[in-house]
Amino acid sequence: MGDVLAGIHATWEFDDDSVLIRFERGIRTPKLFQSLRERRVPHAALSSVTLAPGKRGTVVLRAMPRPGADPLLEAAAGQLKDSHDPYRLVLPAERETLAEYYADTLRALLGPDASEPADRFMVAVPEAPMQFKAYDGRAGFDGERVSFRWFWTGASTAKWKAGDQTFPVTELSGVEWRSPDAIDGYLRLLPRGSKGTVAVSGPAMGTPMGAVTASGAGADVEPVDGPCTAPGGALPTAAARPDQDPAAVVFGLGYGPVHESLPFAAAVLESVRRTQPTHTTPDPVLVGAGRRDPADIAERIRHLGELHQAGLVTDDEFSAKKAQLLAEL
């Protein structure tokens, strides 16, 4: 079509086979939109299009993606607020007639499978490398591996005993993201053959979060009350508490914000789906943290020394941790 419809925080550009959503970068634009920048959504990825009255003299044009078509929404599992929904275009009420025209045009372009779940992801996610700062560690993703580096002041004893973690996406079945806007938010990696919680879709903040596997399915969880003491790189077979689980990082006020942690979770989920074999599913493989950058080791030892001088770390703890870090060179 080639037409453009400009709304509040975003502009939709209509092409013959897709809609290109470009997000504004103003200070009032939700940070998630600024992080995404733009998204090309094929018509084949949509299930329906709606137009409804909005707040304070606006109308809302919304394109509904098919289940399984967008890794970002699959990872979000119904937890996004309406104001953070990338498929909503808010327009002044005087543009309602124009919005209705484009809504009708898009509806006419929906495919015969629009009412069916998608068998693959059709909307791209932000590209790796990516990272964000959680409360108890820093999460990184290079496109092939997810790494967790624990913070001395935030990580639990169980995580320090397990050590920093590195997980190839080929050994994962999915991710579990609980919004940092809810209580006890976290990002958890799910190993192949593990059980997750039931995926949900609905409104969201406060809605129980579900594990999203590469196949889009969840299973009942078997909770573990005690600490997880899996060896370095080991993915537990049952869901331990996130603060005790070396395959999870926990959020907090200012840590793991939606605009950083959700695109990260979506990128990992997309990579898992892309690398997942179509035949048998092997047992989880224990993965070591691997060799570290010497500069990173030196920085960690320096920080450890500061904690020791401040009296926050005992002599024995300092010596043991320093020896552990030097052994990783």
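Anyway, here's the lowdown on the structure attached to this text.

Cut-offs applied
Residues numbered from 1 in each chain as written. Predicted model: local features only at pLDDT ≥ 70, side-chain atom pairs only at ≥ 80, totals over all residues. Heavy atoms only, no water. Pairing = 2+ DSSP bridges. Helix = DSSP H or I, 4+ residues; strand = E, 2+ residues; numbered from the N terminus. Axes fitted to C-alpha atoms, helices over the stretch in contact; angles between N-to-C directions. Contact = heavy atoms within 4.5 Å. Polar contact = N/O pair within 3.5 Å; in protein donor to acceptor, adjacent residues only side chain to side chain. Salt bridge = Lys/Arg side-chain N within 4 Å of Asp/Glu carboxyl O. Buried < 20%, exposed > 50% of the residue type's maximum accessible area, 1.4 Å probe, protein only. Phe/Tyr/Trp six-rings, centres within 6.5 Å; stacked < 30°, edge-to-face > 60°. Expected span 1.5 Å × (residues − 1). Arc of directions from axis to C-beta.

1. Section: the sheet that holds strand β7 (residues 88-92)
A sheet is described by the order of its strands in space; here three strands give the open sequence β5-β6-β7, paired in antiparallel fashion. Two strands lie at the open edges of the sheet, namely β5 (46-53) and β7, each paired on one side alone. Here the average twist between neighbouring strands, direction ignored, is 15 degrees. Alignment of β5 against strand β6 (residues 58-65), held across seven bridges, turns out to be antiparallel. Looking at the pairing, Thr50 lines up with Arg62 of β6. Helix α3 (residues 96-109) rests against β5, β6 and β7 of the sheet, and its axis sits at about 165 degrees to β5.

2. As for the environment of Arg56
Tracing the backbone shows Arg56 in the loop between β5 and β6. Separated by 37 residues in the primary sequence, Arg56 and Ala93 have C-alpha atoms spaced 8.9 Å apart.

3. Here's the deal with the side chain of Gln79
Relative to the elements of secondary structure, Gln79 occurs in the loop between α2 (71-76) and β7. Among the polar contacts listed, one links the side chain of Gln79 to the backbone nitrogen of Ser179, at a separation of 3.1 Å.

4. Focus: the sheet that holds strand β2 (residues 10-14)
Overall, antiparallel pairing links the four strands, which are arranged β1-β2-β3-β4 in an open sheet. Unpaired on one side and paired on the other, β1 (3-6) and β4 (38-42) mark the two borders of the sheet. Within the sheet, the average angular offset between the axes of one strand and its neighbour, ignoring direction, is 20 degrees. Note: β2 against strand β3 (residues 18-23), five bridges, orientation antiparallel. In the sheet register, Phe14 faces β3, and the bridge partner there is Val19. Of the strands in this sheet, β1, β2 and β3 touch α3, which is tilted by about 130 degrees from β1.

5. Describing the pattern of salt bridges
Counting across every chain of the model gives 14 salt bridges. Between Glu100 and Arg107 there is a salt bridge whose closest N-O contact spans 3.5 Å. For Arg107, a relative accessible area of 32% translates into the label partly exposed. Of the charged contacts, one joins Arg274 and Glu270 as a salt bridge, the two residues approaching to 3.0 Å between their closest N and O atoms. On the criterion of helical spacing, the pair formed by Arg274 and Glu270 is a turn pair, its members being four residues apart in helix α5 (residues 258-275). A cluster of three or more residues bridged by salt bridges with shared partners is formed by Glu13, Arg22 and Glu38.

6. Considerations on the packing of aromatic side chains
Each aromatic ring pair is specified by the distance between its two centres and by the angle formed by the two planes. Going through the model one piece at a time under the given rule, you end up with eleven aromatic pairs. For the pair Phe132 and Phe251, a centre-to-centre distance of 5.9 Å together with 65 degrees between the ring planes defines the contact as edge-to-face. One end of the pair, Phe132, is in strand β8 (residues 130-133); the other, Phe251, is in the loop between β15 (248-250) and α5, and 119 residues separate them in sequence. Neither Phe132 nor Phe251 differs from the other in exposure class; each is buried.

7. Section: unusual backbone geometry
With the exception of glycine, most residues fall at negative phi, and the peptide bonds are largely trans. In this model, Ala128 is joined to Pro129 through a cis peptide bond whose omega is 5 degrees. Backbone geometry places Ala77, a non-glycine residue, at a positive phi of 50 degrees. Topologically, Ala77 is positioned in the loop between α2 and β7. Look at Ala77 and you get buried, because its relative accessible area is 4%.

8. Section: helix α7 (residues 315-327)
The end-to-end C-alpha distance of α7 is 18 Å, a good match for the 18 Å that 13 residues give at a rise of 1.5 Å each. Regarding α7, the residues found buried are Phe318, Lys321 and Leu325. Seen end-on, α7 carries its buried residues on one side only, within an arc spanning 80 degrees. In α7, those exposed residues whose orientation departs by more than 90 degrees from the buried face are Asp315, Asp316 and Ala327.

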